[in-house]
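Below, each chain spelled out in residue letters.
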Amino acid sequence: MSTERKRVGIFGWGVVAPRSPNIEAFEKNLERATTWLKPFDGFGPSNFLVGEPDFDFSVYRPWIDQRFEPRRFSMLDAKMGDMVKYALGAFIQALGQNPGLEEELKSLGSEAHVYVGTGLGDFSVQYDIAREYQRAQRRWNRFWCKAPHCPPLERYRSLDEAAARELLVELEAPADLADHDPTALDPYDDGFLEASDRWHEFWARHSQGLADFLAELQEIEAEGIGDDVESSKGHVIRRKLAARKKLRDRWQCPTEPWNAVDARLLWNIPNIPAAQISMLGGITGPAVAPIAACAGFGAALKLADAAIQAGEAKVVVVGTTDPKPHPLTVGSFYQARVMSHDGRVSKPFTGMRGTHVSGGACVWIVGDADYLMAKGMQPLGLEIVGVAVSSDADHIITPSEEGPRSAMRRAMAVAQVEPEEVSTWDMHATATPGDWQELQNALAVLPGKTRFTARKGSFGHGMSVCGGWELTAQHLGVVTGKLHPVDLQEAELHPQVQPYFDSLVLDQPEVAGDGSVAGKINMGIGGINACVICRTWGRR
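An account of the accompanying structure is given in this report. These numbers come from a predicted model, not from an experiment. (Residues numbered from 1 in each chain as written. Predicted model: local features only at pLDDT ≥ 70, side-chain atom pairs only at ≥ 80, totals over all residues. Heavy atoms only, no water.)

## Description of the layout of surface pockets
Keep this limit in mind: Residues are called lining when one of their atoms sits within 4 Å of a cavity or pocket point, these points coming from a 1 Å grid over the protein atoms alone, where a cavity is a set in which a 1.4 Å probe fits but cannot get out and a pocket is an open set with protein on both sides within 12 Å along at least five of seven lines. Grid points are joined across faces, edges and corners, and a volume is the space filled by probe spheres set on the points. Numbering goes from the N terminus for both helices and strands, where a helix is a DSSP run of H or I of at least four residues and a strand is a run of E of at least two. For this scheme, ten residues count as nonpolar: Ala, Val, Leu, Ile, Met, Phe, Trp, Tyr, Cys and Pro. Four count as charged, namely Asp, Glu, Lys and Arg, and the remainder, Gly too, count as polar.
Of the volumes computed, that of the largest pocket is approximately 370 Å³. Lining the largest pocket we find 22 residues, and of these Val 338, Ile 397, Thr 430, Thr 432 and Ile 525 sit closest to its centre. Within the residue set of the lining of the largest pocket, elements represented by two or more residues are helix 15 (327–335), helix 18 (434–445) and strand 15 (517–524). No other element matches helix 18, which puts three residues into the lining of the largest pocket. Grouping the amino acids of the lining of the largest pocket by side-chain chemistry returns ten nonpolar, nine polar and three charged. By volume, the second largest pocket is sized at about 260 Å³. Of the residues contributing to the lining of the second largest pocket, the split by class is three nonpolar, two polar and seven charged.

## Section: the packing of aromatic side chains
Our working rule: Aromatic rings from Phe, Tyr and Trp, taking only the six-membered ring of Trp, are treated as a pair when their centres fall within 6.5 Å; an angle between ring planes under 30 degrees marks them as stacked, one over 60 as edge-to-face, and anything in between as tilted. Relative accessibility thresholds used throughout: buried, under 20% of the residue-type maximum; exposed, over 50%; partly exposed, between the two (1.4 Å probe, protein chains only).
According to the stated counting rule, one finds 25 aromatic pairs in the structure shown. Ring geometry for Tyr 156 versus Trp 199: centroids 5.6 Å apart, planes at 65°, classification edge-to-face. Taken together, the positions of Tyr 156 in helix 7 (residues 151–158) and Trp 199 in helix 9 (residues 192–204) put the pair 43 residues apart, joining distant regions of the chain. Across this residue pair, the class does not change: Tyr 156 and Trp 199 are buried. The rings of Trp 140, Phe 143, Trp 144, Phe 213, Trp 251 and Trp 258 are connected pair by pair, giving a single aromatic cluster.

## Details of the state of the cysteines
Convention followed: Counting rule for disulfides: a pair of cysteine sulfur atoms within 2.5 Å.
Per the counting criterion, the structure on display carries zero disulfides. Here Cys 253 stays free of any disulfide, with the sulfur of Cys 145 as its closest cysteine sulfur at 14 Å. On the basis of relative accessibility, which here comes to 10%, the residue Cys 253 falls in the buried class.

## Some words on the nonpolar core
For clarity, the cut-off: Throughout this description, the term nonpolar core refers to a set of buried Ala, Val, Leu, Ile, Met, Phe, Trp, Tyr and Cys residues connected via side-chain atoms within 4.5 Å.
Counting residues in hydrophobic clusters, the biggest one holds 70 residues, and the most contacted among them are Phe 26, Val 318, Trp 364, Val 366, Ile 384, Trp 425 and Ile 533. Listed in part, the 40 residues of the second largest apolar core include Phe 55, Leu 280, Val 317 and Ala 369.

## Digging into empty space enclosed by the protein
The full count for this structure, using the stated rule, is five cavities of 30 Å³ or more. Its volume calculated, the largest cavity comes out at about 50 Å³. Residue lining of the largest cavity: Thr 424, Thr 453, Arg 455, Ala 473, Gln 474, Gly 477, Val 478, Lys 482, Leu 483 and His 484, and that is the complete set. When residues of the lining of the largest cavity are traced back to their parent elements, those giving at least two are helix 20 (466–478) and strand 13 (482–483). Considering each element in turn, the lining of the largest cavity owes the most residues, four residues, to helix 20. Of the residues that constitute the lining of the largest cavity, the class distribution is three nonpolar, five polar and two charged.

## Digging into the sheet that holds strand 6 (residues 315–322)
Applied cut-off: Any two strands are treated as partners once DSSP identifies two or more bridges connecting them. For this analysis, residues touch if any pair of their heavy atoms sits within 4.5 Å. Lines fitted to the C-alpha atoms define the axes, with helices restricted to the stretch that makes contact. Angles between their N-to-C directions range from 0 to 180 degrees.
Strand order in the open sheet formed by ten strands is 5-4-6-8-1-9-16-15-10-11, with mixed pairing between adjacent strands. Each end of this open sheet is capped by a strand with a single partner; those strands are strand 5 (287–288) and strand 11 (451–453). Taken together, the four bridges between strand 10 (residues 422–426) and strand 15 define a ladder with parallel strand orientation. When the sheet's bridge partners are listed, Val 422 is paired in strand 15 with Val 517. Contacting strand 1 (8–16), strand 8 (360–368), strand 9 (380–391), strand 10, strand 15 and strand 16 (528–535), helix 20 crosses the sheet at an angle of about 170° to strand 15.

## Points about the side chain of Asp 122
Short version of the rule: Charged residues are defined here as Lys and Arg on the positive side and Asp and Glu on the negative side; His and the ends of the chain fall outside this count. Salt bridges are identified by distance alone: a Lys or Arg side-chain nitrogen within 4 Å of an Asp or Glu carboxyl oxygen.
Position of Asp 122 relative to the elements: it lies in the loop between strand 4 (112–118) and helix 6 (123–144). Arg 264 is the oppositely charged side chain nearest to the buried, salt-bridge-free Asp 122, at an N-O distance of 7.3 Å. Contacts of Asp 122, omitting those with residues within four sequence positions, involve Gly 81, Asp 82, Met 83, Asn 268 and Pro 323.

## Here's the deal with a nonpolar patch on the surface
Heads up, the condition is: Nonpolar side chains (Val, Leu, Ile, Met, Phe, Trp, Tyr) within 5 Å and like charges within 9 Å form the patches, drawn only from residues with over 30% relative accessible area and no salt bridge. Note on areas: Shrake-Rupley with a 1.4 Å probe; residue coverage comes only from the protein chains shown.
On the surface, a cluster of nonpolar side chains totalling about 230 Å² of accessible area is made up of Tyr 133, Val 261 and Leu 265. Note that Tyr 133 resides in helix 6.

Here it is in structure tokens:
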């Protein structure tokens with residue numbers, strides 16, 4: 001049996017990034033050594049810069065309307081968060097580069113896969129739903145504490161202090177509950193809301209009105225589906241909805257907290273970008289979400305390559321997607337001490353003050369090159385010749401020596417290339433102290449002639465999508481015989497990096513050189529490393 005490696009190529013790609021609503025804008029922006037970042041307004045005035053995606057989902061409405069019933073776009077627009085929409089936009093872009101690719105994905109059945117993940121999930125959707133739940137729970141508890149719904153609280157209010165404390169003991173209240181009585185607290189005190197919530201939560205548990213309401217609700221919800229499931233379920237659902245509304249109207253109560261939790265929380269979990277791509281593309285093979293933080297794109301590519309080499313897939317949609325910067329993501333990166341906060345662009349290999357959070361998506365459609373080229377399709381970018389993944393098994397953020405070097409050496413071994421053949425290498429380089437260790441790793445594995453690029457000073461750090469953007473930038477440059485400039489000048493380099501400046505691509509474009517091999521590494525939170533080796537087409 002032949003063990004010759006199947007050739008893997010890219011046959012479609014799409015991008016959503018800062019200043020770049022599509023792959024064409026992305027390529028044009030790469031030609032200028034400027035930053036794509038902007039001030040973050042999520043905290044009000046602050047010194048954070050972020051990469052805000054340039055995106056309008058309505059651009060894709062004609063494509064969706066042409067293939068689905070008119071309500072499909074409206075449903076997607078209403079129920080999906082930015083994380084999903086960015087991925088769908090990038091996927092639709094990717095279908096456009098090779099006529100027939102869309103139909104091929106549909107016809108391949110189980111031999112077409114989707115591996116599209118995320119780094120953070122959709123924080124914006126989660127946050128908004130959590131806030132609405134909290135407000136609804138507060139309104140709910142306070143309502144059932146009102147007279148006449150809660151006789152024990154009415155009794156408590158009528159007693160003197162000693163008798164009131166005896167009642168609390170009888171009700172098995174926490175020892176300090178009386179200290180949380182909102183009528184005795186300053187509403188402007190920092191702890192007022194928390195104390196008030198605790199107070200009302202306790203008394204709501206002793207509300208006779210709430211107990212009666214729940215008993216009636218239980219009777220409504222007890223109705224099951226009739227003998228014929230399909231014909232009965234709609235009628236039962238409608239009857240329950242009507243009965244619940246009548247019950248609420250009669251009690252004049254606010255929305256139940258469980259009814260205030262939006263189902264969008266489910267529609268935007270990490271596997272939904274892959275699932276929605278499978279639905280829009282009619283792809284019936286497996287659709288899953290690889291999760292590997294900043295190494296997510298490379299990890300997805302590794303799974304795709306393995307599936308193609310094993311003969312399980314002919315074509316795979318790979319990608320990653322992250323929501324736009326949110327106060328929770330920016331704040332958490334800052335608390336992890338990896339975020340810059342001085343209002344200036346923090347560039348790799350300079351002050352190492354920290355990175356900048358960005359959002360967006362990158363989707364590639366990769367496949368068995370011989371199979372797809374035989375159908376008249378043309379590959380984009382470079383040939384993917386080796387992918388490897390490793391773990392540091394050490395620190396959650398700081399890169400190690402052995403983990404990344406192991407991934408680099410393994411990827412080159414799979415690709416059957418020697419280190420001296422690698423003409424250009426794109427680095428993870430987050431403008432943190434880890435840049436120094438990464439540079440040492442690269443220099444230890446690669447010869448001095450390799451040209452290094454690092455682009456997070458331009459478009460920032462997409463938690464999972466950064467690797468996709470960086471690989472796409474590398475491919476777009478090398479296939480045209482150039483290395484796009486980086487927003488970085490020699491004078492800005494950190495003193496320890498200065499001796500290696502002639503290995504770095506700076507703010508002027510360069511000729512790609514005679515070498516045909518390009519490499520790329522991403523190192524994710526948790527110590528996961530993904531390395532990708534590619535080369536120009538035409539060489540076996």
